[in-house]
Structure formats: structure tokens, C-alpha cells
Amino acid sequence: MFAAERRQLILEMVRANGAVSLRELARVVQTSEVTVRRDVRALEAEGLLDRRHGGAVLPGGFTRESGFPQKSHLATAEKTAIADLAAGFVEEGEAIVVGAGTTTQELARRLARVPGLTVVTNSLLVAQALAHANRVEVVMTGGTLRGSNYALVGSGAEQSLQGLRVSKAFLSGSGLTAERGLSTSNMLSASVDRALVQAASEVVVLADHSKLGTDTMFQTVPTELITRLVTDEPPGHDDRAGTELQALADQGVQIAVAGAPGSERADRAEPQGGGGRRRDVPLPGPRRGHAPGGPQLRAASVLGDPGQPDRSRVADLRRR
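Source: prediction; values computed, not measured.

Participant: When you look at the overall build of the protein chain in this model, what are you seeing that I'm missing?
Facilitator: Scanning the protein chain from N- to C-terminus turns up 10 helices and 17 strands. Considering only residue pairs separated by 6 or more positions, the protein chain has 67% of its internal contacts joining residues 24 or more positions apart.

Participant: Please clarify how the side chain of Ser183 should be interpreted in this entry.
Facilitator: Along the chain, Ser183 falls in strand β11 (residues 181-184). The residues contacting Ser183, other than those within four sequence positions of it, are Gly173, Ser174, Gly175, Thr214, Asp215, Thr216, Phe218, Gln219 and Thr220.

Participant: Help me understand the pattern of salt bridges in this model?
Facilitator: It is possible for side chains bearing opposite charge to pair when their charged atoms get close. Per the stated rule, a full pass over the model turns up 11 salt bridges. Linked by salt bridges that have partners in common, Asp84, Glu106, Arg109 and Arg110 make up one network.

Participant: Where do I start with the sheet that holds strand β10 (residues 175-177) in this structure?
Facilitator: Each strand in a sheet pairs with its neighbour through backbone hydrogen bonds, running either in the same direction (parallel) or in the opposite one (antiparallel). Reading across the sheet, the three strands line up as β10-β11-β13 and stay open at both edges, with antiparallel pairing between neighbours. The sheet is open, and its two edges are formed by β10 and β13 (218-221), each paired on a single side. Geometrically, the sheet is characterised by an average inter-axis angle of 35° between neighbouring strands, direction not taken into account. Packing of helix α9 (residues 187-198) onto the sheet brings it into contact with β11 and β13, and relative to β13 it is tilted by some 20°.

Participant: Even after reading the chapter, I still don't get helix α5 (residues 76-87), so can you show me in this structure?
Facilitator: An α-helix turns once per 3.6 residues; consequently, residues spaced three or four apart project the same way. Over its 12 residues, α5 runs 16 Å from end to end, which matches the ideal 16 Å to within 8%, given 1.5 Å per residue. Among the residues of α5, Glu78, Lys79, Ile82, Ala83, Asp84, Leu85, Ala86 and Ala87 are the ones counted as buried.

Participant: Please explain the sheet that holds strand β4 (residues 95-98) as it appears in this structure.
Facilitator: Strand order in the open sheet formed by seven strands is β6-β5-β4-β9-β12-β14-β15, with parallel pairing between adjacent strands. A strand with exactly one partner marks an edge of an open sheet, and here the two such strands are β6 (136-140) and β15 (254-258). Across this sheet, the average inter-strand angle for adjacent strands is 20°, counted without regard to direction. Note that strand β14 (residues 228-232) and β15 share five bridges and pair parallel. Each residue of the ladder has a partner; that of Arg228, found in β15, is Gln254.

Criteria and cut-off values
- Residues numbered from 1 in each chain as written.
- Predicted model: local features only at pLDDT ≥ 70, side-chain atom pairs only at ≥ 80, totals over all residues.
- Heavy atoms only, no water.
- Helix = DSSP H or I, 4+ residues; strand = E, 2+ residues; numbered from the N terminus.
- Contact = heavy atoms within 4.5 Å.
- Salt bridge = Lys/Arg side-chain N within 4 Å of Asp/Glu carboxyl O.
- Pairing = 2+ DSSP bridges.
- Axes fitted to C-alpha atoms, helices over the stretch in contact; angles between N-to-C directions.
- Expected span 1.5 Å × (residues − 1).
- Buried < 20%, exposed > 50% of the residue type's maximum accessible area, 1.4 Å probe, protein only.

Written as C-alpha cells, this is what we have:
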């Protein structure tokens, strides 16, 4: 494929999806990420798109939301690895909320095997994934159906979440930065996600590396309310993604990284000779239901914890 043909295809993919990772672009145009990065740089110089950490987005600083058909074909391997790892943070008999998204849909497929689980969701896709799980109770919110992502939104969805209390909220979004937290491109979706956060004691964000450093219009979860980020292994050349992860960790977010197959990556910030299987780490600021004052401590899972997927690497990064 000639350079002009590659760049035209890259531009069409970004226009169709709003944001595309370099890894995905390289796969579609059947060339190396180095070549794709050079093409993206040339298209940015022409003002046709903007580069972001590990990918390309529509010009203008904020990506628009892609529909479900486009999202379902993006970063599928990364979403699978993230879902495998995130499922290990759910225990038998818990009550949780799961937001809308293709990554949370992958998570739901794995939660079908957790006995005694109660899942509250505004996502038809999450509910469908759990529909035949005999030992899982599914509670749907009310609201108006938003067809582009098969989610229930609006005042009906938000009102149905009032007074709800669960242990964890699992959410995804369109972008994640240390400065602003999780964000999305749709106002109605953002409003419901905020209501889901209010119902949970802990917030777990599921985001592949291409979303790191991407900022979109509507904030859903500020960084100080994110308990844990579950993400995939960034490419070795993507220094900016690593920098963003470190910035999130410096603000108290626990980072769980699903290692890519064959990865020889060392575990980040794992203490030398720790000896224990669990350790306490500070949460980022006082949480709902805790009086402000002293730091709140929770136990964070680390390598070797039972229930964690064998093929994944988990590293909880401490606040410095």
C-alpha cells in the first residue's frame, strides 16, 4: 500500500471512530506502528487529525463518541485482558454496579461465573451477558434507551440509583487523564455514570492504554475518586502512557496492569522482599461514608493473591 493510500485509510478510520490506537491502525493497514506513527504525524501537520498517547483522534482537542459497532472492533485483545484481570477483583456475594461500554460488557461475561453476585447496571449489553447466569441477580435501572451504546440514560436512570449502596462501581469511558480523571463525550452518559459512582464505596476504571492522556468533554469521575485503574500493557515505545500511569499513581490511584502475552515487563513499584501477600495502601482522599482527617486504608491485591488470573501481572503503585 502506498503512503497516500495508507494515510487516506487512517484518516477514514479516525473520522469513523473518533479515536483509534496506533496498534489498531497498524493492524488494519498491515504495516508497522513506526510507519503508522510517521503517517499520523504527517496528517497532524496538515491539520487533519491530532496525535494522542498511543493513537490518533479527531482534531480539536476533544474526541467524539463512537457508536457500539465501531467500538466493538477496537482493541479487542486489550479489552479481553483487562476484563480477565478486573473480574479477579469481584468476590462471591458482592453487590456491584457496572456501567455501559464494550469493556464492561467483556467484564460481565466473566462475572457470570461468580456465585451470589448482584449486578446493578444501565447497560443492556451487560444485562444480556448475564441473562443466563443462574447464580447472578441482575438489576436494571430505569431510563431512556440510548441506541448508540445500548444504555439507559436520563432522569429515570439517575433516580433509580438514589439511595443505592454497593461495594464497587466498574466504569469505562472515552478518555482518562491524571489531571481530570475519567471523561466521556456524551452529557447524558456522563450524568448516569456520576450517579453510579455515588452509589459505590470504591470505583474501578477499566481503560485500555489508548485512552490514557485523552480528554473528552464531560468529566465522569475525578481522579481523587478513582480507587483503581485496570489497564493493559502499553507498547514499549509509548513513554507518554507510562508517564500518565505514574501521574495517576502519584495521586493515589492503584494501577493493575494486564500483561501482554509474552511480555517480560518487570512489575512496577513492587517492594523488595515484601514477604506478604497483601498490603495496605492509602486511598486518594476521604471517601463517602468516612470522616475526613486521617488517611483511609484499604487492602489492595498484589501478585500472588488467589483469584487473580495467572497470565496477568498486577502491580499496585504507591503514592509517593
